[in-house]
Amino acid sequence: MKPFDIVIVGGGGAGLYAAMEAMKTNPALNIAVLSKVYPNRSHTSAAQGGANAALGNKAKDDTVEMHIFDTIKGGDYLADQDAVNVLCTEAPKIIRELENMGTPWSRMEDNTIAQRPFGGATLPRCCYCSDKTGHTILQTLYEQCLKKGVIFFNEYFALKLSVSGSRSKGLIAMNMKTGRIEAFAAKTVILATGGYAKMYWNRSSNAAGNTGDGQAIAYRAGIPMKDMEFVQFHPTGLRKSGLLITEGARGEGGYLLNKDGERFMARYAKEKMELGPRDLVSRSIETEILQGRGFDSPAGTYIHLDLTHLGSDLIKSRLPQIREMSMQFEGVDPIEEPIPIRPTAHYSMGGIDTDNFGRTVMDGVYAAGECGCVSVHGANRLGGNSLLDILVFGRIAGHTAAEEAGKFAPGMISEAELAEQYDAIRSGMHSSGRYERYGELREELGQTLALNVGIYRESSLLQKGIADIAELKERFKKVRVIDTSDVFNTNLIQVLELKNMLDLAETVAAGAFARQESRGSHTRTDFPVRDDANWHKHTLATMVNGNVTLGEKPVTMGRYELQERTY
Amino acid sequence: MMASIDQHKEGKKDVTFRVFRFNPQVDSKPYFDDYTIPVERGVTVLRSLNYIKEHIDGSVSFRAFCQAGICGSCGMRVNGLSQLACTTQVWDVLAKSREPEVIKVEPLRNLPLIKDLIVDMDPLVDKMKHYSNWVDSIMPEAQMGKKEFLISEEEFLRYDKATDCILCASCVSECSILRANKEYVSPAVLLKSYRMNVDSRDSLHDHRLAALVQDHGVWDCTHCYRCQESCVKSIPIMDAIHGIREDAIECRGKKDTSGSKHAEAFMSDIEKKGKLVEATLPIRTNGVVWTLQNLLPMAMKMIMKRRTPPPPPLVKSAKGIKVFREMFREMTEHVKQDHKSHKK
Ligand SMILES: Cc1cc2nc3c(=O)[nH]c(=O)nc-3n(C[C@H](O)[C@H](O)[C@H](O)COP(=O)(O)OP(=O)(O)OC[C@H]3O[C@@H](n4cnc5c(N)ncnc54)[C@H](O)[C@@H]3O)c2cc1C
Ligand code: SF4
Ligand code: SF4
Ligand code: FES
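Nothing here was measured: the structure is a model prediction, and the numbers come from that model.

Analysis parameters
- Residues numbered from 1 in each chain as written.
- Chains lettered and ligands numbered in written order.
- Predicted model: local features only at pLDDT ≥ 70, side-chain atom pairs only at ≥ 80, totals over all residues.
- Heavy atoms only, no water.
- Helix = DSSP H or I, 4+ residues; strand = E, 2+ residues; numbered from the N terminus.
- Buried < 20%, exposed > 50% of the residue type's maximum accessible area, 1.4 Å probe, protein only.
- Areas by Shrake-Rupley, 256 points an atom, 1.4 Å probe, with all protein chains shown as cover.
- Rg over C-alpha atoms; globule rule 2.2 N^0.38 Å.
- Contact = heavy atoms within 4.5 Å.
- Pairing = 2+ DSSP bridges.
- Near = heavy atom within 4 Å.
- Polar contact = N/O pair within 3.5 Å; in protein donor to acceptor, adjacent residues only side chain to side chain.
- Nonpolar A, V, L, I, M, F, W, Y, C, P; charged D, E, K, R; others polar.
- 1 Å grid on protein atoms, 1.4 Å probe; cavity = no way out; pocket = protein on both sides within 12 Å on 5 of 7 lines; lining within 4 Å.
- Points joined across faces, edges and corners; volume = space filled by probe spheres on them.
- Core = buried A, V, L, I, M, F, W, Y, C linked by side-chain atoms within 4.5 Å.
- Domains from an automatic or database assignment.
- Buried area = accessible area lost by both parts, 1.4 Å probe.
- Salt bridge = Lys/Arg side-chain N within 4 Å of Asp/Glu carboxyl O.
- Axes fitted to C-alpha atoms, helices over the stretch in contact; angles between N-to-C directions.
- Phe/Tyr/Trp six-rings, centres within 6.5 Å; stacked < 30°, edge-to-face > 60°.
- Lys NZ or Arg CZ within 6 Å of the ring centre and 35° of its normal.
- Expected span 1.5 Å × (residues − 1).
- pLDDT = per-residue confidence, 0-100.

*Asks:* Help me understand the overall build of chain B in this model?
*Replies:* Counting its regular elements, chain B contains 15 helices and seven strands. Out of the 344 residues in chain B, the part that is buried amounts to 59%. Of the roughly 15300 Å² that chain B leaves accessible, carbon and sulfur atoms contribute 52%.

*Asks:* When you look at the overall build of chain A in this model, what are you seeing that I'm missing?
*Replies:* Counting secondary structure elements, chain A contains 15 helices and 21 strands. Since a compact globule built from 567 residues should have a radius of gyration of about 24 Å, the 22 Å found for chain A is in line with a globular shape. Dimensions of chain A, computed from C-alpha atoms along their principal axes, come out at roughly 65 × 55 × 50 Å. Per-residue burial over chain A gives 68% buried out of 567 residues. Counted over contacts in chain A with a minimum sequence separation of 6, partners at least 24 positions apart contribute 74%.

*Asks:* What is the right way to look at the pairing of strand β3 (residues 75-78) of chain B in this model?
*Replies:* Two faces, one strand: in a regular strand the side chains alternate between the faces of the sheet. All names here are of chain B. Where burial is concerned, the two faces of β3 agree: the one with Gly75 and Arg77 and the one with Met76 and Val78 are both buried. Across four bridges, the pairing between β3 and strand β4 (residues 81-84) is antiparallel. Note on β4: the bridge partner recorded for Arg77 is Ser82. Where β3 folds back onto β4 in an antiparallel hairpin, the turn is made up of two residues, including Asn79, whose phi is positive at roughly 45°.

*Asks:* So what exactly am I meant to see when it comes to the site of ligand 1 here?
*Replies:* Residue and element names in this part refer to chain A. Around ligand 1 lies a shell of 38 residues, among which Ser42, Thr44, Glu370, Ser386 and Leu387 are the nearest. At a separation of 3.4 Å, an oxygen atom of ligand 1 approaches a polar backbone atom of Ala192. Note that an oxygen atom of ligand 1 is positioned 2.6 Å from one of the backbone N or O atoms of Leu387. Protein burial of ligand 1: of its 1000 Å² of free accessible surface, 98% is covered by the chains. Secondary-structure elements contributing two or more residues to the shell around ligand 1 are α1 (13-25), β2 (31-35), β7 (156-164), β14 (339-348) and α10 (385-404). Ranked by residue count, the leading element in the shell around ligand 1 is α10, at four residues. Taken together, the residues of the shell around ligand 1 sort by class into 14 nonpolar, 20 polar and four charged.

*Asks:* Got a minute to help me understand empty space enclosed by the protein in this structure?
*Replies:* To find leftover empty space, one rolls a probe the size of a water molecule over the atoms. Under the defined criterion, the tally for this structure stands at ten cavities of 30 Å³ or more. Here the second largest cavity is characterised by a volume of approximately 430 Å³. Looking at the second largest cavity, it is lined by 27 residues, and the ones nearest its centre are A:Ala208, A:Gln494, A:Glu497, B:Ala64 and B:Phe65. Broken down by element, the lining of the second largest cavity gets its largest block of residues, five residues, from helix α14 (residues 490-514) of chain A.

*Asks:* Before we go on, may I ask you to explain the nonpolar core in this structure?
*Replies:* Generally speaking, soluble globular proteins have nonpolar side chains that are buried together. A:Ile6 and A:Ile95 are the most contacted members of the largest nonpolar core, which has 111 residues in total. By residue number, the principal contributor to this core is α10(A), which donates ten residues. Sequence-distant contacts of A:Ile95, defined by excluding residues within four places in its chain, comprise A:Ala51, A:Ala53, A:Leu55, A:Trp105, A:Ile113 and A:Cys127. With 74 residues, the next largest nonpolar core counts A:Ala32, A:Phe233, A:Met501 and B:Ile114 among its residues.

*Asks:* Is there a simple way to explain the domain arrangement of chain A in this structure?
*Replies:* Many analyses report the size of an interface as the accessible area lost when the parts associate. Residues and elements named next belong to chain A. With domains assigned, chain A is organised as domain 1 (4-230 + 349-407) and domain 2 (235-343). Relative to domain 2, the C-alpha centre of domain 1 lies at a distance of 28 Å. The partner domain 2 presents 24 residues to the 20 residues of domain 1 that form the contact. Buried area between domain 1 and domain 2, both sides added, is near 1700 Å², and the carbon and sulfur share of it is 43%. Broken down residue by residue, the surface that domain 1 buries against domain 2 is led by Gln48, Asp131 and Arg203, which jointly contribute 33%. In this structure, the connection of domain 1 to domain 2 is made through one salt bridge. Where domain 1 touches domain 2, the interface holds six residue pairs in polar contact (both at pLDDT 80 or more).

*Asks:* How do you make sense of the interface of chain A and chain B when you look at a structure like this?
*Replies:* Between chain A and chain B, the residue contacts involve 70 residues of the former and 67 residues of the latter. Counting each side, the surface lost to burial between chain A and chain B is near 5500 Å², with a carbon and sulfur contribution of 51%. When the buried area of chain A at its contact with chain B is split by residue, A:Arg41, A:Asn100 and A:Arg107 rank highest and sum to 13% of it. Counting across the chain A and chain B interface gives twelve salt bridges. Between B:Asp164 and A:Lys132 there is a salt bridge, with the nearest N and O atoms lying 2.6 Å from each other. Where chain A meets chain B, there are 42 residue pairs in polar contact (both at pLDDT 80 or more). Among the elements of the structure, α3 (81-100), α4 (133-148), α9 (320-330), α12 (438-452) and α14 of chain A are those that each provide at least two residues to the side of chain A that touches chain B. Take the side of chain A that touches chain B: its biggest share by element is nine residues, from α4(A). Among the residues making up the side of chain A that touches chain B, the classes are represented as 22 nonpolar, 27 polar and 21 charged.

*Asks:* Mind showing me how you'd approach unusual backbone geometry here?
*Replies:* In terms of backbone geometry, most residues other than glycine have negative phi values and most peptide bonds are trans. For the bond running from A:Val374 to A:Ser375, omega is 10°, close enough to zero to count as cis. One non-glycine residue, A:Asn545, adopts positive backbone phi at about 50°. Looking at where A:Asn545 falls in the secondary structure, it is placed in the loop between β20 (537-544) and β21 (547-554). Residue B:His223 is not a glycine yet carries a positive backbone phi of 60°. The residue B:His223 is located in the loop between α9 (205-212) and α10 (226-230) in this model. Taking the relative accessible area as the measure of exposure, B:His223 reaches 7% and is therefore buried.

*Asks:* So what exactly am I meant to see when it comes to the site of ligand 2 here?
*Replies:* Residue and element names in this part refer to chain B. Near ligand 2, the surroundings consist of 13 residues, among which Cys175, Tyr184, Cys221, Cys224 and Cys227 are the closest. Elements represented by at least two residues in the shell around ligand 2 include exactly α7 (176-180) and α11 (237-250). Taken together, the residues that form the shell around ligand 2 break down as ten nonpolar, three polar and no charged.

*Asks:* What should I look at first to understand the sheet that holds strand β13 (residues 303-306) of chain A in this one?
*Replies:* Sheets are built from strands that pair by backbone hydrogen bonding, the pairs being arranged parallel or antiparallel. Residue and element names in this part refer to chain A. The strand order across the open sheet formed by four strands is β11-β14-β13-β12, and the pairing between neighbours is antiparallel. The open sheet has two free edges, formed respectively by β11 (231-238) and β12 (255-257), since each of these has just one partner strand. Averaged over all adjacent pairs, the angle separating strand axes in this sheet is 45°, with direction ignored. Sheet analysis places β11 next to β14, joined by six bridges and oriented antiparallel. Following the sheet pairing, Val231 is matched in β14 by Ser348. Relative to the sheet, helix α7 (residues 278-290) contacts β11, β12, β13 and β14, its axis offset from that of β11 by approximately 60°.

*Asks:* Whenever I open this one, the packing of aromatic side chains confuses me. Can you help?
*Replies:* The geometry of an aromatic ring pair is captured by two quantities: the separation of the ring centres and the angle between the planes. All names here are of chain A. Tallied over the entire structure, the rule returns twelve aromatic pairs over all chains. Consider the rings of Tyr200 and Phe233, whose centres lie 5.4 Å apart with planes at 85°: the pair is edge-to-face. Highlighted residues: Tyr200 in the loop between β9 (181-191) and α5 (213-220) and Phe233 in strand β11, separated in sequence by 33 residues. With respect to class, Tyr200 is no different from Phe233; both count as buried. Ring geometry for Phe295 and Tyr302: centres 5.3 Å apart, planes at 15°, overall stacked. The exposure classification of Phe295 matches that of Tyr302, with both residues buried. Over the ring of Tyr128 we find Arg116; its NZ or CZ atom is 3.9 Å from the centre of that ring. Its end group placed over the ring of Trp535, Lys537 keeps NZ or CZ at 4.9 Å from the ring centre.

*Asks:* Got a minute to help me understand α4(A) in this structure?
*Replies:* In an α-helix there are 3.6 residues to a turn, and that puts residues three or four apart on one side. All names here are of chain A. In this model α4 runs 23 Å from its N-terminal to its C-terminal C-alpha over 16 residues, within 8% of the 22 Å that 1.5 Å per residue would give. Within α4, 14 of the 16 residues are buried, which leaves the element mostly enclosed by the surrounding structure. Just downstream of α4, Gly149 is the residue with a positive phi angle, here 75°.

*Asks:* Can you help me understand the confidence of the model for chain B in this one?
*Replies:* A low pLDDT means the predicted coordinates there should not be read in detail. Residues and elements named next belong to chain B. Confidence in the prediction for chain B averages 82 pLDDT; 70% of positions are at 70 or higher. Below a pLDDT of 50 lies the segment residues 273-285, which in the model reaches 35 contacts outside its immediate sequence neighbourhood of four places, other chains included. Within the model, pLDDT remains below 50 along residues 306-321, and this stretch shows 27 contacts once partners closer than five positions in the same chain are excluded.

Now the structure itself:
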């Protein structure tokens with residue numbers, strides 16, 4: 001295969017927008033998109049609620065400036081303010097652009113794009129297409145990429161960056177259909193592989209493949225990870241599966257009730273009530289549960305999300321997917337009874353450290369979407385800001401890579417390097433004697449993370465978490481791949497994904513242990529307040545000799561001074 | 001995962017999953033493996049397969065991703081019917097199972113087999129490309145991002161349901177024409193084509209329609225309704241197929257193919273005279289079956305829409321006219337019911 005100008009890893013919203021923009025920037029470039037699932041299956045499709053943009057369709061007095069402030073405040077002042085400016089300023093433009101190219105949106109009475117209220121936003125500015133916004137955006141982007149003739153390598157699993165000195169030569173990936181290890185020599189690589197919150201396993205709302213592959217690949221190549229300790233727990237996961245009931249349900253007027261039938265949010269966020277920011281609502285629910293005001297059940301303690309007062313018509317027209325999911329996965333029809341819910345690991349604020357143009361510290365390597373961390377979400381992402389992030393910064397990364405591809409000589413990846421990668425992968429298939437089951441390890445990883453590196457964190461718990469992860473990494477060495485075939489070896493893929501989650505879990509726990517304060521989604525019961533004097537900074541986790549080493553990076557401030565965050 | 005499956009004592013039974021196996025590297029032909037596991041009420045087919053893979057046989061291969069019925073990865077045939085493994089409850093399947101406590105799991109049909117329950121989706125993607133399943137905006141790229149198109153909720157509702165499609169290929173697997181002709185456009189692609197064609201922002205309507213009325217296109221559909229009945233998102237796919245056909249007739253003259261010419265004659269006859277006149281029926285040239293399959297359902301729908309009285313029974317007897325009458329009656333019923341269910 002001849003070298004590519006740009007290889008994009010990931011066919012979610014970030015990867016596809018990057019591909020489109022790169023083609024637009026320079027149609028002569030040779031661009032490939034690799035994805036371990038068909039692009040339309042990417043996790044972007046799961047986003048139900050919507051994407052924020054100060055269009056002012058619903059609230060005429062909404063402004064970009066208010067969106068900026070809400071985002072900075074929501075992120076507990078850890079977001080870089082110049083990056084937030086870009087995010088919110090580009091928002092109306094990119095939503096209109098999507099609309100102009102054919103994305104379906106629900107509509108207001110005056111035929112403009114419909115908007116609804118969303119957590120942490122002063123005014124209703126979340127643009128939506130009933131409760132399938134991510135799905136329709138992803139469909140549109142995929143369709144547009146097909147139209148433009150983007151070259152897709154579907155069901156290719158990225159394994160590693162091939163690095164020479166301070167720069168990347170391209171990517172090594174496995175063709176899942178044949179099991180062959182293939183080289184993608186490239187001038188530039190954009191990593192857009194989505195989030196890592198699936199490491200919490202069945203206490204997570206994420207797809208099975210949100211295992212942080214791109215981050216792990218970059219991390220092992222020596223690229224720093226930023227703010228990994230910030231994992232957002234969504235307040236309303238279904239009790240049994242962790243699957244998500246969108247914030248849209250509360251946006252439309254749903255109540256959170258404890259077992260005494262009390263709308264307990266009155267105690268935690270008097271004004272915003274159920275529409276307080278996610279971290280606050282999650283903590284409130286967890287507190288209710290810890291203080292014995294939850295409902296007990298064999299599948300865990302939970303509280304109620306009550307929609308019954310909204311009426312059957314509204315639920316059917318505005319929240320049909322939610323109704324379907326409650327019925328399929330909990331056996332509950334929200335028209336008739338409240339939905340059993342509890343917080344679920346949902347979004348990774350942390351990720352590959354990039355500048356505002358998507359560049360990482362390694363020449364020729366860029367990152368975007370949930371995989372990257374520009375940082376626009378700081379310590380806590382606002383609902384509806386992530387779809388926006390992947391679109392805006394996916395586009396920027398695509399543009400930057402297209403402009404800079406010419407700067408780099410094409411890489412060359414040797415046969416020897418491919419063979420070495422092949423052997424490394426195959427070695428796990430023939431281990432003898434006692435071996436470990438990957439399924440058990442995965443499960444245990446999720447449990448220790450939820451318990452010790454979860455919503456409420458504390459020194460001794462975190463130490464336990466760190467020790468558990470180290471032990472799991474040791475045991476991982478004995479994991480056996482049972483399926484020894486080449487064709488579509490999903491067993492092998494799942495083992496490789498587990499390896500990625502284990503490597504990243506270490507950075508999450510290390511960051512959480514180091515950060516001795518409470519900020520945004522990171523709550524230390526032993527350090528309950530925000531400590532701006534010592535901790536108003538990003539953490540950077542870098543792999544040095546196989547171990548995590550922590551560093552730091554200042555937060556870029558701007559117009560907004562540090563303030564206490566109250567709702 | 002099994003810990004929770006084991007927890008409840010109530011409502012648990014041993015279920016045998018009879019799984020289709022085929023590894024092209026070693027097997028000359030497919031076979032079935034039986035796995036018997038304890039399953040509790042409330043567990044899905046996908047969770048059962050995950051359990052089998054993690055605890056019994058790591059080599060059982062299938063796709064799954066979101067586990068929430070939104071990504072479309074896990075389409076497979078469960079006791080013969082194409083559906084999503086992640087939203088299908090084991091107990092629901094057992095309730096209708098012919099063999100007690102046995103669930104047969106097979107790959108989707110009509111797409112090339114890769115391994116076990118995994119089929120190749122590329123042919124479907126190729127068809128999406130062939131039929132331009134994208135909006136080609138009337139707005140030049142350089143203009144984009146400045147102003148919204150103003151679209152009524154009414155227009156949005158025209159394609160709202162169609163955009164629910166998650167490309168799981170269940171309908172593709174159930175399509176009766178695809179079994180015989182792999183080149184047939186496919187129900188999901190017809191659905192997507194329709195969605196694009198009713199979008200006022202799109203500029204490719206005529207081009208797309210021209211492709212749709214060619215061989216292997218919209219006129220090949222037999223109106224068997226199987227796609228619609230099996231759609232995992234309950235999308236009224238037949239509305240899209242009818243819609244494209246009506247559209248093709250209304251745009252007649254632009255793109256004349258034998259299908260649309262006959263359809264044109266047939267339709268105008270009904271429209272003008274409110275009855276079927278044997279002489280102008282396309283039965284002679286195309287045969288009874290073609291006419292019934294291709295034109296009657298649409299005719300019925302148009303009649304219902306315009307409140308034209310239904311055509312009187314045919315007076316002259318022609319070859320096959322008895323069959324024709326019988327099917328005509330059935331079709332009328334079908335269309336009526338169909339109409340009712342869509343209004344819900
Ligand atoms: C249930 C749920 C609801 C949400 N709702 C909202 C919402 O309402 N509003 C909002 O703004 N945000 C929402 N989010 C967050 C948002 O959906 C995600 O942050 C966003 O879609 C991530 O997009 P992405 O392009 O970065 O990654 P993804 O869409 O996750 O795509 C990742 C891509 O990378 C590929 N990939 C991964 N690993 C590899 C590998 N090793 N090799 C090759 N390819 C690989 C995958 O195949 C995939 O194509 C929600 C998230 C969840 C989980
Ligand atoms: S109605 Fe047409 S498209 Fe649908 S399954 Fe039957 S033949 Fe296929
Ligand atoms: S139309 Fe329905 S069954 Fe067919 S691919 Fe789409 S969602 Fe699946
Ligand atoms: S796993 Fe996504 S639809 Fe079943």
